Amino acid sequence: LAKTTQPISMDSYEGQEVNITCSHNNIATNDYITWYQQFPSQGPRFIIQGYKTKVTNEVASLFIPADRKSSTLSLPRVSLSDTAVYYCLVGDFIKAAGNKLTFGGGTRVLVKP
Amino acid sequence: EPEVTQTPSHQVTQMGQEVILRCVPISNHLYFYWYRQILGQKVEFLVSFYNNEISEKSEIFDDQFSVERPDGSNFTLKIRSTKLEDSAMYFCASSRTALTEAFFGQGTRLTVV
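Rules used in this analysis
Each chain has its residues counted from 1, running along the sequence as written. The order in which chains are written sets their letters, starting at A; the order in which ligands are written sets their numbers, starting at 1. For this predicted model, a pLDDT threshold of at least 70 governs which residues receive local features, and a threshold of 80 or more governs which side-chain atom pairs are given and counted, while totals over whole chains, interfaces and linings are taken from all residues. Values shown for side chains rest on all heavy atoms present in the structure; no hydrogens or waters enter the calculation. Helix and strand definitions here come from DSSP, where helices need a minimum of 4 consecutive H or I residues and strands a minimum of 2 consecutive E residues; each element is numbered from the N-terminal end. Methods summary: accessible areas were calculated by the Shrake-Rupley approach with a probe of 1.4 Å, and residue burial reflects only the protein chains presented. Lys and Arg are tallied as positive, Asp and Glu as negative. Neither His nor the chain termini are counted. Where a charge lies is defined by one atom per residue type: Lys uses NZ, Arg uses CZ, Asp uses CG and Glu uses CD. Nine residue types can take part in a nonpolar core, namely buried Ala, Val, Leu, Ile, Met, Phe, Trp, Tyr and Cys, and a core is a set of them joined through side-chain atoms within 4.5 Å. Each residue's exposure class comes from its accessible area (1.4 Å probe, protein chains only) as a fraction of the maximum for that residue type: buried when under 20%, exposed when over 50%, partly exposed otherwise. Any two residues whose heavy atoms approach within 4.5 Å are treated as being in contact. Should a side-chain nitrogen of Lys or Arg be within 4 Å of a carboxyl oxygen of Asp or Glu, the pair is scored as a salt bridge. A strand pair is defined by DSSP finding two or more bridges across the two strands. All axes are obtained by fitting lines to C-alpha atoms, using only the stretch in contact for helices, and the reported angles, taken between N-to-C directions, cover 0 to 180 degrees.

S.K.: What should I look at first to understand the overall build of chain A in this one?
M.R.: What chain A contains, in helices and strands, is zero helices and nine strands. In sequence order, the secondary structure elements of chain A are arranged as β-β-β-β-β-β-β-β-β. Overall, chain A is about 40 × 30 × 25 Å in size when its C-alpha atoms are taken along their principal axes. Carbon and sulfur atoms make up 51% of the accessible area of chain A, which amounts to about 5600 Å² in all. With 11 positive and 8 negative side-chain charges, chain A shows a spacing of 6 Å between the two charge centroids.

S.K.: Could you clarify how one ought to interpret the nonpolar core in this entry?
M.R.: The nonpolar side chains of a soluble globular protein tend to be buried with one another. Grouped together as the largest cluster of nonpolar side chains are 22 residues, with contacts concentrated most on Trp34(B), Val67(B), Phe75(B), Leu77(B) and Tyr90(B). Going through the elements one at a time, strand E3 (19-24), strand E4 (31-37), strand E5 (43-50), strand E7 (65-68), strand E8 (75-79), strand E9 (88-95) and strand E11 (108-112) of chain B are the ones with two or more residues in this core. Setting aside residues no more than four positions away along its own chain, Val67(B) makes contact with Trp34(B), Val47(B), Phe49(B), Ile54(B), Phe61(B), Phe75(B), Thr76(B) and Leu77(B). Core analysis: the next-biggest nonpolar cluster, separate from the first, contains 20 residues, Cys22(A), Ile27(A), Trp35(A) and Ile47(A) among them.

S.K.: Would you take a moment to explain the pattern of salt bridges for this structure?
M.R.: One side chain can pair with another of opposite charge once the charged atoms of both are near each other. Under the counting rule described, the total for this entry stands at two salt bridges over all chains. Asp11(A) is paired through a salt bridge with Lys112(A); the nearest N and O atoms lie 3.2 Å apart. Of this pair, Asp11(A) sits in strand E1 (residues 9-13) while Lys112(A) sits in strand E9 (residues 107-112), placing them 101 residues apart in sequence. Arg36(B) is the partner of Glu44(B) in a salt bridge, and the nearest nitrogen-oxygen pair spans 3.1 Å.

S.K.: I'm lost on the sheet that holds strand E2 (residues 18-23) of chain A in this one. Help?
M.R.: Two strands in a sheet stick together by hydrogen bonds in their backbones, pointing the same way (parallel) or opposite ways (antiparallel). Residues and elements named next belong to chain A. The four strands lie next to each other as E2-E7-E6-E5, forming an open sheet whose pairing is antiparallel. Lying at the two open borders of the sheet, with one neighbouring strand each, are E2 and strand E5 (53-56). Within this sheet the neighbouring strands show an average axis-to-axis angle of 15°, counted without direction. Sheet topology places E2 next to strand E7 (residues 70-75); six bridges connect them, and they run antiparallel. Residue Cys-22 lies in a different strand from E7, and its bridge partner there is Ser-71.

If you want it as C-alpha cells, here you go:
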C-alpha cells in the first residue's frame, strides 16, 4: 500500500475553504484515493474517492494532478461542525478482498468561529 | 439513511473475561469488517468477512479474536481472555461490494480493568 503523508493539523474559520493536501509518492497504477472524516468518538465516514483529475460531490471536491503523487481535499465554506480528523487513504480497491482500509494519522481540522 | 448499529456503546470487563461485541450491518451489504482504535491512536484494521468466512485479517487478529455471523443480520466480534491492552474503541463496518465505500458504526468502547 502506498504511504501517505498529510499535515497533522490545520486551523480555519467558519465560511472559509479548507484544502488538505496528501502526498502519496509511491501510488500504484491501480490505486484509488479515498478520504474519510472522523468526529470524536464516532466511526470514520466516507467523504469522497477518486482516481484522477477532479471529483466533486455534495460535501467536497478532490483534486488529483496528472502524476497522482498527491491529492487535495477541498471543503467549501466550512462550519464549526466540520471540525474533525480527515484521513487520506490510498489502496488498490479493485483487488482488495473486501474493503481493507489502512488509516494513517490523519489531519485534525479545527474550525473556529 | 441506513446505518450500521453496534451494541453495547460501552462495555467494561475484567481482565481475563470474554466479551462479545455486536453489530448489525446495513441490510443489503455483503462485506463486513472490524476495526479498532486505541485512544489517541490510528484506526486499525482487524478483519474482513465475506460469504461466511474471513477474507483477510491483520496481525492483531490472533487466536484471541473470532468473528461470526450467527444469523442473517448480526455480525459479532468475540474477544477471549481480554487483556488491558484490548481497551479500545471497536468499530464495525460494512460495504455493499468490495469496491464501494465502507459504512462505519458508532463504535463500542471496550474498557478492560
